[in-house]
Amino acid sequence: MTAPIYLITLLPLIGFLINGLLGRFLTERQSGMVASGTVLGSFLISAQLTMGLMTRPGKNPHFVQTLFTWIEAGDLQIQAGYWFDALAAVMALVVTGVGLLIHIYSIGYMRGDPGVRRYFAFMNLFIFMMLNLVLADNLALLFLGWEGVGLCSYLLIGFWFQDESKARAGMKAFIVNRVGDAGFIIAMVLLYHQFGTLNIQQLANAAPFALAGRAFFTAVTLLLFLGATGKSAQIPLHIWLPDAMAGPTPVSALIHAATMVTAGVYLIARNSVLFTLAPATMNTIATIGILTAFLAASMAITQKDIKKVLAYSTISQLGYMFTAVGVGAFSAGIFHLMTHAFFKGLLFLGAGSVIHGLGGEQNIDNMGGLKKHMPSTHLTMLVGVLAITGVPGLSGFFSKDEILWGAFVRYEGFSWIWLVGVITAGMTAFYMFRLLFRTFYGQPRWSNQLHPHESPSVMTLPLILLAFLSILGGYVGVPEVLGGMNHFHHLLEPVVAISPWGLAGGHEASHFMELLAMFISTVAALGGIYYAYKVYILQPRMADELRDKLPGLYKLSFNKYYVDEFYGAAVVRPLVAFSQVLWTWFDDRVIDGLVNGSAALIGSGSRLIRQLQSGLIQHYAAFILGGVIVIMAIIYAS
Amino acid sequence: MVVPLHHIIAIASLLFSIGVLGVLFRRNAIIVFMSIEIMLNAVNLAFVAFSNYHGNVHGQVFVFFTMTLAAAEVAVGLAIIISLFRNLQTSDITEIHNLKN
C-alpha cells in the first residue's frame, strides 16, 4: 500500500499556510521546525512511493492520480493530476531531500532575521510549486508549478527588499523569465491545437503518429526550449541568475542551484518524445548548452564575489545538462542534474557558512587562510569542489563523463562540442580551485576586527550529509565500461525517449574509445587543478601578472562579455526612452488633452449658451416668437 | 357695403404685430400688459371675421371664451404687477431679472 501522491505536495502547502497565516504565533524555532518537518514528510512519502515503484511490474512502472477537473471551458478540459514514474521519483527525491537539508541549514543561517517566518513560508511554497512542476501529468499543471517557482524565486531574491538593488535583482529575474515563459505558453497552445490534449503521456503517445510535419515539432520544441533557457539561465537569457545571488544564500542553494534552474532540463527530458522528433531543435539545444557551459565558465574565472563564481558555475553546469539532453542522452542529463544538486547545493551552503563566519563578507579578495578557522566547512567544500571538478571516484566524474560520452557518440567522434566540453571541464577545475584556494588557503586578507568562526552544527550537519551525497551520489550510475551496472540509466530508460542516434549506454561504440575519452577529460580536469595550484599557491603573484598581460581578455571576462550592457543599450534603454515618450507626450498631451479638452469644451460652450439666460422676460418672449415662426414656416413649407 | 374678409384679416394681423412689438420692446410692465390685450383682441377680431365669413357662430363662441380668459388674466396680471412694484419699486421690466442666477 503506497501513500497517495497528493500528500507529497499537500504537506509543504500546509507548512506554507501555517507559516504564512499563523507565523506570528510561532517562535522562530517553531517556524523553522514546521517548515523542515513538512518537507521531511514529503521526502518520506516520496521515498515510500519510490520503493513501491521498484516493485511494480510493467515496462514503465508508474502511479497516476487524477485529482479534479481543473479547467473546463467548452471542449477544453484540463485535469489536475499527478504522474509518478522513475523520472518524477528522482526529481521529487532531489527536491525534497536537498530541500530538507537546506531548510534545516536555514534555521541556523536565518537566525535572528526579523522576516524568518516569511522566509520559511516562501521556502515551503517553493517546495510545493516545485513538486507540482515535477509531478504534474499535464503541461498546464506543470506550467502552474513553473510560474509558481518563478514567483517564489522573485520573492526570495528580493527577500531583503529594503535594499533597492536586491529588489531590482528580483524584478530582473522575473522579467527575464517572462521572455522564456511566452515561448512556453505559445508551445502549449500549439500542442493543444494539434492534439487536443495537454496530458504529457497522451502527447508522447500521439506525437509519433501525428499528421503535423517536422516543422511543427521543430517550432513547438524550440518554443519549449525558449522557456527552458529562461528558467535555466541559458544564453541568451542567462543574465538574471548572477543577480539572483542577492537573495539569502540558502535560497541560492535551493532555488538557483539545486532545483528550480534545472526545471528546463527536466522539461526537455519529460517531453523527450517530442524533442527527438525535431533533430534541428536537438542540435540547437546541444550547441546552446555547450556554448553556455564554456562562456559561463570563462566568466566565472575572474569573478570576485564568492556567490557570483558559484552562480556562473551553475550556469556552466546547466549548460552541460542541456548538452546532454541535446545529444539525446536524457538520462545522463538528469543524472548530472541530481549530482549537481548535491555538490552545488553543498558549495552554496559552504559559501553561506563562510559568509556567515565572516559577518557578511562575500569578496574572495578579502578572505584567505580560513582553513584552520572553519575546518568542517573547509573539508566539505573541498569535497564539493572535487566533485564538480570531476575527479575520478566522486559523483561529478560519473555524470559529467556520461554527458561527454553522449556527445562523443552523438557526433561520432571528437567533435567540436565534445572538445569544448573537455576544455570547459579544465576551466571548471581551474575556477573552482581558485575559489577554494582564495578562500581557505594562503595569507588571511580579512580585516583584524573580524573573528571568523565555524558555523553551528545545525548548519554544518547538512554540509556533511551533502558531502557524503556528493561522493556517493555517482555510484547509482557507474558506467558499464568501469564495471558498473549504470542503474540510473536503466531506471530512467522506460521514461525518456530512446534517441534515434543509438545512444544506449555506449553499446555501439568501442569500450576503448570510451575509456580514452574519459582519460582525456580527467587529464583536463587535473590540468586545471594543477594550474590553479600553480597560480594561486606556488606563485601567488602570477595571477596579477597574468591579468596585466591579458588585459583585454580579463576585462571581457570580468565584465561578463558586456551582455548586460548590450541588453541595456538594445532593450532596456530604448524601452525606457519609449516609455518616457509615452508618458510625456502620449499620456500628458494626448490622454490628458482629451480629458481636459472635453472639460474645457463643455465649459466654454456653456459659457456661450449661458448668455441666453438673461432673465429678461422679453427675451424669452422673443424666443417663443421665433420658435412659432419657425414651426409655422415648416408647416407652410410642407 | 360688405367689408372684404382679407381687409379685416390684414387689420387683425396689424393689431397682432403691434401687440407683439409692444411686448418685445416696451419697458413699462403696464404697456406690455396692454400689448398682450391688443394681441388677444386682434385674435378676437379674426375670429369674428371668420364667423361672419362662414355664416356660423363658432368663432363668436370662441370670442366669449377669450374675453372671459382675458378678464381673468387681467385680474391675475395686474395683481402680479402691483406686487412686483411693491417689492422692487419699479415697473420697468428690464430691471426685473430675478430669473437669472
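Preceding this section is the structure that the text describes.
This structure is a prediction, so every number in the text was calculated from the model and none was measured.

Enquirer: Mind showing me how you'd approach the overall build of chain B here?
Expert: Of the regular secondary structure elements, chain B holds 3 helices and 0 strands. Counting from the amino terminus, helix and strand elements in chain B follow one another as α-α-α. At 17 Å, chain B has a C-alpha radius of gyration far larger than the 13 Å of a compact globule built from 101 residues. With the principal axes as the frame, chain B shows a C-alpha extent of 50 × 25 × 25 Å. Per-residue burial over chain B gives 13% buried out of 101 residues. Of all intrachain contacts in chain B linking residues separated by at least 6 positions in sequence, the fraction that spans at least 24 positions is 47%.

Enquirer: Honestly, the overall build of chain A in this entry has me stumped. Any pointers?
Expert: In terms of helices and strands, chain A carries 25 helices and 2 strands. The buried share of chain A, taken over its 638 residues, is 50%. In chain A, the share of contacts with a sequence separation of at least 24, taken over all contacts with a separation of at least 6, comes to 80%.

Enquirer: What is the right way to look at helix 17 (residues 395-410) of chain A in this model?
Expert: Think of an α-helix as turning once every 3.6 residues; residues three or four places apart then point the same way. All names here are of chain A. The first and last C-alpha atoms of helix 17 sit 23 Å apart over 16 residues, in line with the 22 Å expected at 1.5 Å per residue. Across the 16 residues that make up helix 17, a large majority, 16, are buried. Directly beyond the C-terminal end of helix 17, a positive phi value near 50 degrees is found at Glu412.

Enquirer: Before we go on, may I ask you to explain the pairing of strand 1 (residues 63-73) of chain A in this structure?
Expert: Regular strands place side chains that alternate from one sheet face to the opposite one. All names here are of chain A. Judged by how many residues are buried, strand 1 sits mostly at the surface: 0 of 11 residues are covered. Here 9 bridges tie strand 1 to strand 2 (residues 76-84), and the two strands are oriented antiparallel to one another. The residue bridging Gln65 from the neighbouring strand is Tyr82, located in strand 2. As consecutive antiparallel partners, strand 1 and strand 2 are separated by 2 residues, and within that stretch Gly74 has a phi angle of approximately 65 degrees, a positive value.

Enquirer: Where do I start with the environment of Gly393 of chain A in this structure?
Expert: Mapping Gly393 of chain A onto the fold places it in the loop between helix 16 (375-389) and helix 17. A sequence separation of 79 residues divides Gly393 of chain A from Leu472 of chain A, and the C-alpha atoms of the two residues are 8.6 Å apart.

Enquirer: How should I be thinking about the nonpolar core in this particular structure?
Expert: Within soluble globular proteins, side chains that are nonpolar generally end up buried alongside one another. Core analysis: the biggest nonpolar cluster contains 196 residues, and Leu87, Phe126, Met130, Val134 and Leu135 of chain A have the highest contact counts within it. Tallying contributions element by element places helix 3 (residues 86-109) of chain A first for this core, with 17 residues. Two domains share this core, each providing at least three of its residues, namely domain 1 (1-195) and domain 2 (278-558) of chain A. Leave out the neighbours within four places in its chain, and Val134 of chain A touches Ala88, Met91, Ala92, Val95 and Tyr266 of chain A. In terms of nonpolar packing, the next biggest core, distinct from the first, is built from 6 residues, Ala46, Phe47, Ala49 and Val63 of chain B among them.

Quick notes on the rules
Residues numbered from 1 in each chain as written. Chains lettered and ligands numbered in written order. Predicted model: local features only at pLDDT ≥ 70, side-chain atom pairs only at ≥ 80, totals over all residues. Helix = DSSP H or I, 4+ residues; strand = E, 2+ residues; numbered from the N terminus. Rg over C-alpha atoms; globule rule 2.2 N^0.38 Å. Buried ≥ 20, exposed ≤ 12 C-beta atoms within 10 Å, placed from the backbone. Contact = placed C-beta atoms within 7 Å. Expected span 1.5 Å × (residues − 1). Pairing = 2+ DSSP bridges. Core = buried A, V, L, I, M, F, W, Y, C linked by C-beta atoms within 7 Å. Domains from an automatic or database assignment.

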